[in-house]
Every structure is written in structure tokens, then in C-alpha cells.
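Single-letter residue listing:
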Amino acid sequence: DGMNVLFIVVDDLRPVLGCYGDKLVKSPNIDQLASQSIVFSDAYAQQAVCAPSRVSFLTGRRPDTTRLYDFYSYWRVHAGNYSTMPQYFKENGYVTISVGKVFHPGVSSNYSDDYPYSWSIPPFHPSTEKYENDKTCRGKDGKLYANLVCPVDVTEMPSGTLPDIQSTEEAIRLLNVMKTNKQKFFLAVGYHKPHIPLRYPQEFLKLYPLENITLAPDPWVPEKLPSVAYNPWTDIRQRDDVEALNVSFPYGPLPDDFQRQIRQSYYAAVSYLDMQVGLLLNALDDVGLSNNTIVVFTADHGWSLGEHGEWAKYSNFDVATRVPLMFYVPGMTTSSVSQGERVFPYLDPFSHTLGLEPQGQSKKVVELVSLFSTLAELAGLQVPPACPETSFHVALCTEGASIVRYFSASEEKVEEEKDECNDTYRCLNKELVAFSQYPRPADTPQWNSDKPKLKDIRIMGYSMRTIGYRYTIWVQFNPSNFSANFEDVHAGELYMVQTDPNQDYNIYNNTTHGVFLKKILG
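All values derive from a computational prediction rather than experimental measurement. (Residues numbered from 1 in each chain as written. Predicted model: local features only at pLDDT ≥ 70, side-chain atom pairs only at ≥ 80, totals over all residues. Heavy atoms only, no water.)

This part covers empty space enclosed by the protein. Applying the stated criterion to the full structure yields 1 cavity of 30 Å³ or more. Empty space within the largest cavity amounts to approximately 30 Å³. As for the largest cavity, its lining consists of Val49, Tyr69, Asp70, Phe71, Tyr72, Tyr438, Asp450, Lys451 and Pro452. Tallied by class, residues from the lining of the largest cavity come to 6 nonpolar, no polar and 3 charged. (1 Å grid on protein atoms, 1.4 Å probe; cavity = no way out; pocket = protein on both sides within 12 Å on 5 of 7 lines; lining within 4 Å. Points joined across faces, edges and corners; volume = space filled by probe spheres on them. Nonpolar A, V, L, I, M, F, W, Y, C, P; charged D, E, K, R; others polar.)

This is the structure we're talking about:
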């Protein structure tokens, strides 16, 4: 009869989680999920900004096919009438439901989160979402500000709650409805935190004493970083507390003590998120559905915490493109679970530090664009066909092959990737590749470098990540016909993972890179 799907997507969450080896964070509930899941340690988003990434993985197409690099077009109108992953489940007999931020709201999902195509009922948005950017952060002077760093007393907040708390409550209510109606469901739950502002219940701060918080390992702008690659973190500069620091544009830097406060609040927001995920999974146990529900946990992209002198997303670095990705599949990633057995008892982040290991870990390089075909295969639906080279006219196809074939691969087999390269997109010379890209308006950092509108894009940075390196090439781009000119290279980056895991030493100029260029042109 097929399994249910609980699809959890988090805004701006890089893999600072215990199950990814982070020693500082308290994330017991997500770690518990990981202990029953296959965890992908090298998973990447296709563009490190909300709307393009979400439209990409929800349609299974890359940004060059959705033609969305900003926030201002709806793919069904401007690119092609592509089916989405929830739409496909809906057409296959599932009740599909969206809670919180799943599609990016606004033009890019037709002001409706793509309802009614993707969802069986109108999507739920928390009523307190509208206060996100208001002045709700109490300063030392007792006044209210719209700060970046914003621990709050929840009882003082509008309606006495926060958006992610409301989303958890609604998702739990819906699980109970689904259970009662015995409906097969695809429930997508989108959490806001740790997206800025870093607004979360203040008690989470005490998990992270400031003296335990370090700066990024590489808080400087790398000497050989091309200026086109740098993102000047304009969005955080507009928050009241950052604006008051009066840091210079574009390179800053922010004062060390404030950098540590941002990092502290990011971690605190992750623990607040962990609590929400814990309550949601505990409810899945409560309704007795943990034995026949696939759980996916991921994020739309990462977030730089001072690495390379950068903050926020908006770049091609690992800190911006790498995401957590795990799949819990009863009977596959764990031995079969009996009806009513508790798999996800709630763990209080204030008292639990379990240090649970992932059930299985894959070091395969994978992409979010593979989610659509992967979930279809896991649910026993027909896997949508691979897209032809040009697919604007094809309603149902995907540009990311299913990664289910990696679920059972033990690490010994990772080395011999012999039969896995039937996927032209990703297997270049037998090497698994994740592609990401980022647009820029100019060769040097501008006020709109982080989020250029389509008409202002002049350069596209195409980036290729393998197990061994990250190669990025910044080329001339024409927004009127969506064409990239690989003959007109503005800059390049090459980082070797083994010797330079943080991507600080660009060796593009002292390497012959014809072989890389060939690969990126595919």
C-alpha cells in the first residue's frame, strides 16, 4: 500500500549537528533520527539561496532549467509546466500537505505555494510569521529592535509564540487527522530557523556559554579569492544591531566579539529547531506511524558563519552549498519496526547528550536535485524518467537520478564506482559530481551581489564539487536569453579538499584546468 512520507526541510541549516561530527552543538533529536537513517555526509544544494534551491529540488530540475536564479518568476509560466515532487505523490493517491516554509512564498510559487497543483489542501503558514522582521528584540536599553541576534522571551512575543512552534503544532494536529482518516500522506514541514533573524527562545542561549564559542577557523578573506566570488552579506548589514557597528562595505570585518555572538545564536537556534523536530517525530510515534512513514530531513542550503570573512549564504563555497541529508526508511535503514514501537522518544536538548552514531553513513557526493526521483523510488512509485538535454517542454522528468542505490553500499565499496555512472549529469569520468551555481551582477562586490535580479545578472559562477576538489568558473552570462559564455571566463577557483578542507587557498592560477573545464561543460 506504500509508505507515508514526512519531508522536513530547514531554512539555512548547515550540517552543524552532532551526527555530522559537530562537538559543540546540542541536537539530540536530529541525532536520534540519524541513528535510524542513512546519512549523506556530502550533499549539496544547486544554488545557495532559498527560492532557486527549493524550486530546483521540488521540481527535480536545475536552476538553468527552472530559470529561477532570484525570487521573481514562477517556473510554470517562465520556464515550463514542470510537475513537482508533491504533485507527483498527489497524482499517485497521496494526500499532500504543506506546513510552514516549503516552497519559497511569493511570485516564485505563484503566491499560493503552488497550490492546487502540489497540495491537496491550502498550505498552512504560521500566523506569527508576519512578525519575523519586526522590532521584537529587546536591547540592553530596554527598547525593541529588529536585530540579527535576537534571543526572546516567548511570552512577550505576539500571540505568545513563534512561527516554528506553530508549525510543529499544526503538523502534529495533521498527523492525528491522517491517522484517524487512515489516509496515505506526503506531509512537508518547513522550519524557518536558523534563518535570520536569529530569533529563538532565550533559554537556548545557556546551552552555549560565550566562552565556549570560537571564531571561524578562517575568518579572513582569502588572499586569492576572486572578488566576483565574494558575497558582501548585505542582508545582515540591514539588521539594527549590525548597522550600529558601522562596518565598512564590502569586506567588513565584523568585530570578533560580535562574530562570536552570531555563532552562539546560530547554534542556539539549531537547538531550538532540534526541539521542534523532536516533538514532531515523537508525535509520529504517538500516532503509531513510525513503522510505515519515510522521514527525510534536509535544508535548502547552508550559511557561512564567518568563514572567508563571509556571512549568510549567496556563494559557491561548501559552507553555503553543503546541507544535511538523511533518510529514515523503516525496514531498510533499520530493521522493521513493529506497530506501536517507539522509535523517536522526545529528547530534551537541555539534558541529553547522547552522541548517537548515524545508522549508516555515505560519503557519496549527492545533490538535492535527486530528492524527487529518490523519494519516488523509496515510496514504490514509478521513478520519473531522466530529462532529455532540453526539457522545457517535458512536464514530468528529473535531472537528478535516484540515490537509493547508495543506501546499502558499505564504505568499502565506495572506492569502486564502476556501475554507478549511468547518470550523465553527475558521473564525469566515473567521478560523482555535485553542481551548484551562483549569479553576480559584476566582477566586484556590489550592494546587490548577494541577490541580483535576473535582469542585472552579468556573470554566473558554475561550481563542481567532487570528493577531491571544488572547481568554480565565473563566466559571462546573458539574462535576456539565459546563456552562459564559457569562452568568456572572468575568474576561476580550485580548492583541493584533502589539503585545503576549508577552501582558503585558491590554486586555480597555478594549475592547468582544461580537464576541469571539459567536465563542467559535460
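A word on the state of the cysteines. One pass over the structure, following the stated rule, counts 2 disulfides. Each sulfur in the disulfide pair Cys137 and Cys150 lies 2.2 Å from the other. Of note, the bridge from Cys137 to Cys150 carries an S-S torsion of about -100° and is left-handed in sense. One end of the pair, Cys137, is in strand 4 (residues 137–138); the other, Cys150, is in strand 6 (residues 149–152), and 13 residues separate them in sequence. By the burial criterion, Cys137 is buried, and Cys150 matches it. Here Cys387 pairs with Cys397 through a disulfide, and the sulfurs are 2.0 Å apart. Negative torsions about the S-S bond denote left-handed disulfides, and the value of about 90° found for Cys387 with Cys397 makes this one right-handed. (Disulfide = S-S within 2.5 Å. Helix = DSSP H or I, 4+ residues; strand = E, 2+ residues; numbered from the N terminus. Buried < 20%, exposed > 50% of the residue type's maximum accessible area, 1.4 Å probe, protein only.)

Turning our attention to the side chain of Gln264. With respect to the helices, strands and loops of the structure, Gln264 is situated in helix 9 (residues 256–286). Once you skip the residues sitting within four places of it in the chain, Gln264 turns out to touch Leu205, Tyr208, Pro209, Leu210 and Ile213. (Contact = heavy atoms within 4.5 Å.)

Here we come to unusual backbone geometry. A cis amide bond links Lys193 to the next residue, Pro194, at an omega of 15°. Tracing the sequence through the fold places Pro194 in the loop between strand 7 (185–191) and strand 8 (198–201). With an omega of 0°, the peptide bond running from Phe249 to Pro250 counts as cis. By the element assignment, Pro250 lies in the loop between helix 8 (240–243) and helix 9.

Below, the discussion takes up the pattern of salt bridges. Per the stated rule, a full pass over the model turns up 20 salt bridges. One salt bridge in this structure joins Lys193 and Glu132, with 2.6 Å as the shortest N-O distance. In this pair, Lys193 is assigned in the loop between strand 7 and strand 8 and Glu132 in the loop between strand 3 (95–100) and strand 4, connecting sequence segments 61 residues apart. Here Lys193 matches Glu132 in class, with each residue buried. In this structure, Lys455 engages Asp456 in a salt bridge whose closest nitrogen and oxygen atoms are separated by 3.3 Å. Its relative accessible area of 56% is what places Lys455 among the exposed residues. A relative accessible area of 25% means that Asp456 is categorised as partly exposed. (Salt bridge = Lys/Arg side-chain N within 4 Å of Asp/Glu carboxyl O.)

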